[in-house]
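One letter stands for each residue in the lines below.
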Amino acid sequence: MTGADLPLWAAILIVTLAILGAGLSLLGAVGLTTFRTFYERVHAPTLGATLGMVLVLIASTVFFTIIDGRFMPREILIGLFLTVTTPVTLTLLARAAIFRDRTEGKKKVPATKEKSAQS
């Protein structure tokens, strides 16, 4: 089967998922440039890229499953790897930024758990 033999319903589904995924990733990138502080900037690309990546990988899975005539789990493994590593990277970057800001004595730093529990 070639790309020309792709059924119309599958082509519409694949294109819709790919465009939605690309749009969400673009929205995350716009959020990265729009927000002012690091703490605001770090969330938009992480959330947008994760959901966008999932939609693009679903589109890819559907395409290669239909073309090859068998289930293609490769994209699921890519998705699992990216879904696990993205939040871990976000957490490490945020903790490093908080540590740096507290060390430098900046005023607008998120409160610690102890300080927020006392208030």
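Cut-offs applied
- Residues numbered from 1 in each chain as written.
- Predicted model: local features only at pLDDT ≥ 70, side-chain atom pairs only at ≥ 80, totals over all residues.
- Heavy atoms only, no water.
- UniProt positions renumbered as here; feature names shortened; annotations may be inferred.
- Helix = DSSP H or I, 4+ residues; strand = E, 2+ residues; numbered from the N terminus.
- Expected span 1.5 Å × (residues − 1).
- Buried < 20%, exposed > 50% of the residue type's maximum accessible area, 1.4 Å probe, protein only.
- Contact = heavy atoms within 4.5 Å.
- Phe/Tyr/Trp six-rings, centres within 6.5 Å; stacked < 30°, edge-to-face > 60°.
- Patch = residues over 30% accessible without salt bridge, like charges linked within 9 Å, V, L, I, M, F, W, Y side chains within 5 Å.
- Areas by Shrake-Rupley, 256 points an atom, 1.4 Å probe, with all protein chains shown as cover.
- Salt bridge = Lys/Arg side-chain N within 4 Å of Asp/Glu carboxyl O.

Enquirer: Sorry if this is basic, but what is going on with the UniProt feature "transmembrane region" (unreviewed entry) in the chain here?
Expert: Feature annotation in UniProt places "transmembrane region" (unreviewed entry) on residues 6-32, 44-64 and 76-98, given in this structure's numbering. Within the segment residues 6-32, helix and strand shares are 93% and 0% respectively, and the terminal C-alpha atoms sit 37 Å apart. The distance from the first to the last C-alpha atom of residues 76-98 is 33 Å, and the span holds 100% helix and 0% strand.

Enquirer: Can you walk me through helix α1 (residues 8-34) in this structure?
Expert: Counted at 1.5 Å a residue, the expected span for α1 with its 27 residues is 39 Å, and the 38 Å between its end C-alpha atoms agrees. Considered for burial, the residues of α1 that qualify are Ala 10, Ile 14, Leu 17, Gly 21, Gly 28 and Gly 31. Where the residues of α1 are buried, they touch α3 (43-68).

Enquirer: Just checking my understanding: could you explain the packing of aromatic side chains for this structure?
Expert: Within a pair of aromatic rings, the relevant descriptors are the distance that separates the centres and the angle that separates the planes. Under the defined criterion, the tally for this structure stands at one aromatic pair. Ring centres 5.1 Å apart and planes at 80° place the aromatic pair Phe 63 and Phe 64 in the edge-to-face group. Overall, Phe 64 belongs to the partly exposed group, its relative accessible area being 31%.

Enquirer: Help me out: how do you make sense of a nonpolar patch on the surface in this one?
Expert: Where nonpolar side chains cluster on the molecular surface, the patch consists of Phe 71, Ile 76, Leu 77 and Leu 80 and spans about 420 Å² of accessible area. Mapped onto the fold, Leu 77 is located in helix α4 (residues 74-104). For Leu 77, a relative accessible area of 58% corresponds to the exposed category.

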